[in-house]
Amino acid sequence: METATKSRAPHLSDTQRLAWLRLIRSENVGPRTFRELLNHFGSAQAALDALPELSRRGGKKSYRLFSKDKAEAELAALYKIGARLIALGEPAYPPLLRHIDAPPPLLAVRARDPLQQELTGTQKTLAIIGARNCSAAGAKFATQLAGQLSTQGFTIISGLARGIDSAAHYAALSSGTIAAFAGGIDTVYPKENLELFSSMIATNGAAISEMPISWQPRARDFPRRNRLISGMSLGVILIEAAEKSGSLHTARYALEQNREILAVPGSPLDPRSVGANKLIQQGAALVQSVDDVLDIMEPKISMSLPLHQGIEEPTICWPELDNPDTNSSSPPLNANEQDRLAVIDALSETPIDQDELLRFTGVSLQTLQLILLEIELAGRLERHKPNKLSMIHAGTT
């Protein structure tokens, strides 16, 4: 195992990147669990070594680690198509995205040239999203808006879907536009947009995904994709969004991420405009021209984010690249059975705040975090916003 450096490093080593990939692809490990594991064990490799025993203590008899061979094969497949995995904290990682709740530890980026993957580092990014079955007028306005914003130096990001997304991507081709994928970075969806995607990559565009290569998108994957779209953007512009559309899910993520929400009004007789009109009623900025967008976004553009000097978040400890010997207090590697039973007994299918659970059980915070990791890796714990936890009913796993 490589010796960790004492200071922050701008990039992961190849060995560390492989361990990060294995960890995030292992069973029951998501972005938030990844962060907890890395913080607790100090490195991805140490966390990988601990996963089987952690899940066993959480009540799971067998655990599926993502193998080294599979991780190496995924990295090779990414390189073959000109894609790369960028780690949270590396210079090319989108600066706005790293500040959302539970950002993906690794982000696949595909572009014509690896150097163009720095495109995703821009802070001047706007999302344009809307109805797949959009009207001709909606598509025309999306085209005008995306084209004009591109000439003003904005990078347009969307989801490569039919309708509004496609219109926005086409209009922003010459300036470079970003597509967020719900599936693998090599899985263009819908297939009818293969030509559009090829044109994006051939110019200055890029695609991003947090899913494994060749992953076929499922319905549950699109909300995860939507949080990337809003998370990478200073603001989200909605053009024609029905009352229960995925575009509204993106707007909700934007609200949680403290992004600007803008909406184009539509006819009250058109069901495709109900969602956008309601957002305007609830306080979203009304957009009728590119000037409206520029006026609203100007204060956001001038805001500067903290400089990022390496693999370490200002609010999240990433100790993998620090010297493990300098840690003054090592977290517990095991919890006694009495504490474990106390936590499990206190949990139920009714969500409980973690702080309340801490007070009720009387265990230390580090011990509680370790026990929660055990239960989560066993597939028995569900996390709710903002900081609540519940047990998963045995019949639902």
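Computed from a predicted structure; not experimentally measured.

A. Spotlight on the nonpolar core. Ranked by size, the top nonpolar core spans 43 residues in total, and within it W20, L23, V29, L37 and L160 carry the most contacts. Among the secondary structure elements, those contributing two or more residues to this core are helix 1 (14-25), helix 2 (31-41), helix 3 (44-57), helix 4 (68-80), strand 1 (83-87), strand 2 (106-111), helix 7 (194-202) and helix 14 (365-377). In contact with L23, other than residues within four places in its own chain, are V29, F34, L37, A44, A47, L48 and L51. Counting 28 residues, the second-largest nonpolar core is a separate cluster that includes I86, Y93, L238 and L279.

B. Here's a closer look at the packing of helix 2 against helix 14. As a packed pair, helix 2 and helix 14 sit with axes 11 Å apart at the nearest point and diverge in direction by 135°. Judged on the interaxial angle alone, helix 14 and helix 2 are oblique. The way helix 2 lies across helix 14 gives a crossing that is left-handed. Two secondary-structure elements touch here, helix 2 through T33, E36, L37, H40 and F41 and helix 14 through Q366, Q369, L370, L373, E376 and L377. In terms of residue class, the contact of helix 2 with helix 14 is built from five nonpolar, four polar and two charged.

C. Here's a closer look at helix 8 (residues 221-231). In terms of burial, helix 8 is a largely internal element, nine of the eleven residues being buried. The set of residues buried in helix 8 consists of D221, F222, R225, N226, R227, L228, I229, S230 and G231.

D. Summary view of helix 14. With 13 residues, helix 14 extends 18 Å between its outermost C-alpha atoms, agreeing within 8% with the 18 Å of an ideal straight helix rising 1.5 Å per residue. Counting buried residues in helix 14 gives ten out of 13 residues, a clear majority hidden from the surface. Three or more residues of helix 14 are buried, namely T367, L368, L370, I371, L372, L373, E374, I375, E376 and L377. Looking at the packing, one finds that the buried side of helix 14 touches helix 2, helix 3, helix 12 (337-346), helix 13 (354-361), strand 11 (381-384) and strand 12 (388-391). Note on helix 14: the residue one or two positions beyond its end, G379, has a positive phi of about 80°.

E. Structural context of the sheet that holds strand 11. Taking strand neighbours across the sheet as the criterion, the three strands line up as 10-12-11 in an open arrangement whose pairing is antiparallel. Pairing within the sheet leaves two strands with one partner each, and these edge strands are strand 10 (352-353) and strand 11. Where strand 11 meets strand 12, four bridges bridge the pair, whose relative direction is antiparallel. Looking at strand 12, one finds that R383 is bridged to L389.

Rules of the game
Residues numbered from 1 in each chain as written. Predicted model: local features only at pLDDT ≥ 70, side-chain atom pairs only at ≥ 80, totals over all residues. Heavy atoms only, no water. Core = buried A, V, L, I, M, F, W, Y, C linked by side-chain atoms within 4.5 Å. Buried < 20%, exposed > 50% of the residue type's maximum accessible area, 1.4 Å probe, protein only. Helix = DSSP H or I, 4+ residues; strand = E, 2+ residues; numbered from the N terminus. Contact = heavy atoms within 4.5 Å. Axes fitted to C-alpha atoms, helices over the stretch in contact; angles between N-to-C directions. Parallel < 35°, antiparallel > 145°, perpendicular 65-115°, else oblique. Left-handed = near helix turned anticlockwise from the far one by under 90°. Nonpolar A, V, L, I, M, F, W, Y, C, P; charged D, E, K, R; others polar. Expected span 1.5 Å × (residues − 1). Pairing = 2+ DSSP bridges.

This is a description of form; function is not addressed.
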